[in-house]
Amino acid sequence: MSVISESQVNDKIIIIEPFTTCRDGIEFNWEEARDFKIGESVYYLDGFKDPDSPFSQDHLSWMTRFKTGEGQVFTATQHYFVTNEAWNSLKSFFENQFGLRVE
């Protein structure tokens, strides 16, 4: 399921794929960009369909707006996130199946 359909404002969501983006509303440039890492927690704000998306597949155009612990707001594709509950399930799976401890 998607964090968009399962999350409420300010719910903790977890990043499952590394990405780089700029603050919401700022056109991308490397000087302003921030890197996000797998396992990093952020807070869900809302989801929306990107009207400028070049993708023909509908699911690829849905974006998640989120904030960091510092209160900065960013936007990235919905595919980079899972709910806290899903993250905990993934951690348990990797720990039980492979003996890997995930923080």
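Look up a bit, the structure's there.
Residues numbered from 1 in each chain as written. Predicted model: local features only at pLDDT ≥ 70, side-chain atom pairs only at ≥ 80, totals over all residues. Heavy atoms only, no water.

Participant: Sorry, what's going on with the sheet that holds strand S6 (residues 73-77) here?
Facilitator: The strands making up a sheet associate through backbone hydrogen bonding, with each pair oriented either parallel or antiparallel. An order of S6-S5-S4-S1-S7 is seen for the five strands of this open sheet, with the pairing classed as antiparallel. Both edges of this open sheet fall to S6 and strand S7 (81-83), since each of them pairs with a single strand only. Taking each pair of neighbouring strands and ignoring which way they run, the sheet shows an average axis angle of 50°. The pairing of strand S4 (residues 41-49) with strand S5 (residues 62-67) spans six bridges and is classified as antiparallel. Counted as the bridge partner of Tyr44 is Phe66 from S5. Across the sheet, helix H2 (residues 84-98) lies against strand S1 (12-15) and S7, angled at about 95° from S7, the strand it touches most. (Pairing = 2+ DSSP bridges. Helix = DSSP H or I, 4+ residues; strand = E, 2+ residues; numbered from the N terminus. Axes fitted to C-alpha atoms, helices over the stretch in contact; angles between N-to-C directions. Contact = heavy atoms within 4.5 Å.)

Participant: Please clarify how unusual backbone geometry should be interpreted in this entry.
Facilitator: With the exception of glycine, most residues fall at negative phi, and the peptide bonds are largely trans. Of note, the phi angle at Asn10 is positive, near 75°, even though the residue is not glycine. Summarising the element assignment, Asn10 is placed in the loop between helix H1 (3-6) and S1.

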